[in-house]
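Report on the structure
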Amino acid sequence: MASGILPHSPQFNVQSFNFKFPRKNRTVLARISNEQQPSSSNGSPPSSSSSSSSSSSNQKNSFPGKLEADVVVIGSGIGGLCCGSLLARYKQDVIVLESHDVPGGAAHSFDIKGYKFDSGPSLFSGFQSRGPQANPLAQVLDALGESVPCAAYDSWMVYVPEGEFLSRIGPTEFLKDLEKHVSLDAVKEWRKLLDAVLPISGAAMALPPLSIRGDLGVLSTAAARYAPSLLKSFIEMGPQGALGATKLLRPFSEIVDSLELKNPFVRNWIDLLCFLLAGVKSDSALSAEMVYMFAEWYKPGCTLEYPLHGSGAIIDALVRGLEKFGGRISLGSHVEQIVVENGRAVGVKLRSGQFIRAKKAVVSNASMWDTLNLLPKEAIPKSYQERIEKTAQCESFMHLHLGFDAEGIPEDLGIHHIVVNEWDRGVDADQNVVLISVPSVLSKDLAPPGKHVLHAYTPGTEPFTLWEGLDRKSTEYKTLKAERSEVLWKAVERALGPGFSREKCEVKLIGTPLTHKRFLRRNRGTYGPAIQAGKDSFPGHSTPIPQLLCCGDSTFPGIGVPAVAASGAIVANSLVSVSQHSQLLDAIGI
């Protein structure tokens, strides 16, 4: 599974290092229908509720195939693709609309000069569909009959104020690291934390996200179906563990505080893990998320895995599954508005003016703020609008994508590195934490022979206010870009050693929050909602507008790959019958 900090990174234009927009529509049609097209030749909605019906009446129909589906999905991020592909597997007529000219959203890959870069997901945990590291995304791929080959490894390099060390996963290896690089006191406290957390992990993992749906049918597909495993997990954890399980929906800091953990490194390390997973520190991270992660990283037999051929291989597999079962994906199709008639979402209007009718539902894989902006103002309940507008946001990113010669680079270079400059500033402070991924270490095909690809980024900590209103072509913007990327360069030089030279890089791409906002069309370039456990909750998948559902990082606790994959599956499940849902669970054996 992937850690929470999976940046929503842009694809760059190789000439200007600025954002690249799709120039034309490209549609992949896997479901061809003989049904009659809507009476309006340009696909405009038949009623007067859409502003496009008169202004676009003379436009050419550039959208191939029929202009309707059972379900229309906005966005081809992992959440949208999981939703769309499962709906196709459920024999629903579904179309996924993507504004860009490649699918994948934050998880897409892009090629420059023979280098294949991950734009987003980079640090994954186990990528199995069953067992202690069961991954919702892997379970979706199982349901589609698709798989992604992976390379396994067990450590990542850490650079912290206390020193540098190779952090290894597993129940005992990290204890050895603590003893060597921190103190015996840190070892005692970490063991105390594991003893308290691991027993309750069974409760956090006993209910597969793919069993959840958004109606009372969940009593059959989840509660009844997995009651025995839930009961078993509570029995095995004992009275103390059961008491801890009652805190799963509370901030993780409450568990930490109850154990009276005081070692500075242990507290800082916990905050770092929380921030990387959930975008917030331990006083705001949901305990269930962290317990789940601890079970993935610190139980016996755990491993880390990276998808061979990059994160784009995951997107390719999801698209294959979508098409295999008759789903459609249309690239270069920018949704301008969700059309609401008689209070219900009935389809979407594209920038071209065309109308795509949704017979059953519209599913938005956009962020909560961007979904709000797609709706007609008069259709939005005031309370819903106020809640979305008041929801705190994570900050944005600085990105550095590099392609360079491997000569002079250590042969034992690991795939992942994390640099923390100062604990005192906090892991959520800007310019303080840098994550580095060199996936060509494990997947040689991502770079030309003898070369490496690298992605470094500040994990959702770059303030959008520094960039707001700047002209991307201005000297001021370019100067700020150079200044704010320096922390990335220095972290890379520290991780790769003296054999690395920034001047010798064959590809140098720098992304900013404005790049982020422009490419992914994310409000203020944000990583996602900064929901504080115990004080607020995620809005969920339903909306006040009938037939409009949401999936993605604004809906499900945790804003990384596991959460968005689960959210897409839950929405798909909610749109089919309980019997269909149960049959799918039987088919994949979970």
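Residues numbered from 1 in each chain as written. Predicted model: local features only at pLDDT ≥ 70, side-chain atom pairs only at ≥ 80, totals over all residues. Heavy atoms only, no water.

An unreviewed UniProt entry lists the chain under the name Amine oxidase domain-containing protein, with Papaver somniferum as the source organism.

To continue, consider the overall build of the chain. When helices and strands are counted, the chain shows 18 helices and 19 strands. Expressed as a percentage of contacts within the chain between residues at least 6 apart in sequence, the contacts between residues at least 24 apart total 75%. Total accessible area on the chain stands at roughly 22500 Å², and carbon and sulfur atoms take up 51% of it. (Helix = DSSP H or I, 4+ residues; strand = E, 2+ residues; numbered from the N terminus. Contact = heavy atoms within 4.5 Å. Areas by Shrake-Rupley, 256 points an atom, 1.4 Å probe, with all protein chains shown as cover.)

This part is about the packing of aromatic side chains. For the coordinates displayed, the defined rule picks out 13 aromatic pairs. On the numbers, 6.3 Å between centres and 35° between planes, the contact of Phe165 with Trp269 is tilted. Of this pair, Phe165 sits in strand β8 (residues 163-168) while Trp269 sits in helix α10 (residues 264-278); the two residues are 104 residues apart in sequence, bridging distant segments of the chain. Note on Phe174 and Trp190: the rings are 4.9 Å apart at their centroids and 70° apart in plane angle, and the pair reads as edge-to-face. Of this pair, Phe174 sits in helix α4 (residues 173-181) while Trp190 sits in helix α5 (residues 184-197), and the two are 16 residues apart along the sequence. You can call Phe174 buried: its relative accessible area is 1%. Judged by its relative accessible area of 1%, Trp190 is buried. Ring-pair connections join several aromatic residues into one group, and the members of that group are Trp156, Phe165, Phe174, Trp190, Phe265, Trp269 and Trp423. (Phe/Tyr/Trp six-rings, centres within 6.5 Å; stacked < 30°, edge-to-face > 60°. Buried < 20%, exposed > 50% of the residue type's maximum accessible area, 1.4 Å probe, protein only.)

Time to look at the nonpolar core. For soluble globular proteins, nonpolar side chains are generally found buried alongside one another. Grouped together as the largest cluster of nonpolar side chains are 115 residues, with contacts concentrated most on Trp190, Phe252, Trp269, Leu273 and Phe294. Of all the elements, α10 adds the most residues to this core, at 11 residues. Leave out the neighbours within four places in its chain, and Phe252 touches Leu193, Val197, Ile270, Cys274, Ser282, Ala285, Ser287, Met290 and Phe294. The next biggest cluster of nonpolar side chains, apart from the first, holds 31 residues, and it includes Met157, Val434, Val441 and Tyr477. (Core = buried A, V, L, I, M, F, W, Y, C linked by side-chain atoms within 4.5 Å.)

Right, let's get into helix α16 (residues 513-520). Burial within α16 is extensive, with six of its eight residues counted as buried. For α16, every residue scored as buried is listed here: Pro513, Leu514, Thr515, His516, Phe519 and Leu520. In this structure, the buried side of α16 is in contact with β14 (399-405), α15 (475-496) and β18 (507-511). Looking one or two residues beyond α16, the residue adopting positive phi is Arg521, at roughly 55°.

A word on the sheet that holds strand β17 (residues 451-457). If you trace the seven strands from one edge of the open sheet to the other, you get β8-β7-β15-β16-β17-β14-β18, paired in mixed fashion. The strands lining the two open edges of the sheet, one partner per strand, are β8 and β18. Strand-to-strand twist of the sheet, defined as the mean angle between neighbouring strand axes without regard to direction, takes the value 15°. With five bridges connecting them, β14 and β18 associate as antiparallel partners. Bridged to His401 within β18 is Leu509. (Pairing = 2+ DSSP bridges. Axes fitted to C-alpha atoms, helices over the stretch in contact; angles between N-to-C directions.)

The next thing to look at is the packing of α4 against α5. Any two packed helices are characterised by the angle at which their axes cross and by the distance between the axes. Taken N-terminus to C-terminus, the directions of α4 and α5 make an angle of 155°; their axes are 7 Å apart at the nearest point. Our classification of the angle between α4 and α5 gives roughly antiparallel. Between α4 and α5 the crossing geometry is right-handed. Together, Phe174, Leu175, Leu178 and Glu179 of α4 and Leu184, Ala186, Val187, Trp190 and Arg191 of α5 make up the contact between the two elements. A class-by-class count of the residues in the contact of α4 with α5 yields seven nonpolar, no polar and two charged. (Parallel < 35°, antiparallel > 145°, perpendicular 65-115°, else oblique. Left-handed = near helix turned anticlockwise from the far one by under 90°. Nonpolar A, V, L, I, M, F, W, Y, C, P; charged D, E, K, R; others polar.)

A few words now on unusual backbone geometry. You will see that Lys113, though not glycine, has its phi angle at about 55°, which is positive. As for its position among the elements, Lys113 is in the loop between β4 (109-112) and β5 (115-118). Taking relative accessible area as the criterion, Lys113 reaches 59% and is therefore assigned exposed. A positive phi angle, close to 60°, is found at Gln431, a residue other than glycine. Looking at Gln431, the relative accessible area reads 18%, which means it is buried.

So, about the side chain of Ser485. Checked against the element boundaries, Ser485 lands in helix α15. Only 2.9 Å separates the side chain of Ser485 from the backbone oxygen of Lys481, close enough to count as a polar contact. Leaving out residues up to four positions away in the same chain, Ser485 has contacts with Met398 and Ile510. (Polar contact = N/O pair within 3.5 Å; in protein donor to acceptor, adjacent residues only side chain to side chain.)

What follows is about the packing of α5 against helix α11 (residues 287-298). Between α5 and α11, the shortest axis-to-axis distance is 10 Å and the interhelical angle comes to 110°. In terms of orientation, α5 lies roughly perpendicular with respect to α11. Regarding α5 and α11, the two cross each other, and that crossing is left-handed. Contacts between α5 and α11 involve Trp190, Leu193, Leu194 and Val197 on the former and, on the latter, Val291, Phe294 and Tyr298. In terms of residue class, the contact of α5 with α11 is built from seven nonpolar, no polar and no charged.

Attention now moves to the side chain of Ser567. For Ser567, the location among the structural elements is in helix α17 (residues 561-574). In this structure Ser567 comes out as buried when scored by relative accessible area, which is 0%. Among the polar contacts listed, one links the side chain of Ser567 to the backbone oxygen of Val564, at a separation of 2.7 Å. Leave out the neighbours within four places in its chain, and Ser567 touches His541, Cys551, Gly552, Thr555 and Phe556.

Further remarks concern the environment of Asp283. Residue position: Asp283 is located in the loop between α10 and α11. The contacts of Asp283, once residues within four sequence positions are left out, are Pro251 and Ser253.

Bringing helix α2 (residues 78-89) into the picture now. With 12 residues, α2 ought to run about 16 Å at 1.5 Å a step, and its terminal C-alpha atoms sit 16 Å apart, in line with that. Burial in α2 covers these residues: Ile78, Gly79, Gly80, Leu81, Cys82, Cys83, Gly84, Ser85, Leu86, Leu87 and Ala88. Just downstream of α2 lies Lys91, where phi reads positive at about 70°. (Expected span 1.5 Å × (residues − 1).)

A few words on the state of the cysteines. Within this structure, the stated rule accounts for zero disulfides. Between Cys550, a cysteine without a disulfide, and Cys551, which holds the nearest cysteine sulfur, the sulfur-to-sulfur distance is 7.7 Å. Given the relative accessible area of 7%, Cys550 is considered buried. (Disulfide = S-S within 2.5 Å.)

With that settled, the discussion passes to the environment of Ile169. Tracing the chain through its elements places Ile169 in the loop between β8 and α4. You can call Ile169 buried: its relative accessible area is 6%. The spatial distance from the C-alpha of Ile169 to the C-alpha of Gly301 is 9.3 Å, given a sequence separation of 132 residues. Leave out the neighbours within four places in its chain, and Ile169 touches Asp154, Trp297, Cys302, Thr303 and Leu304.

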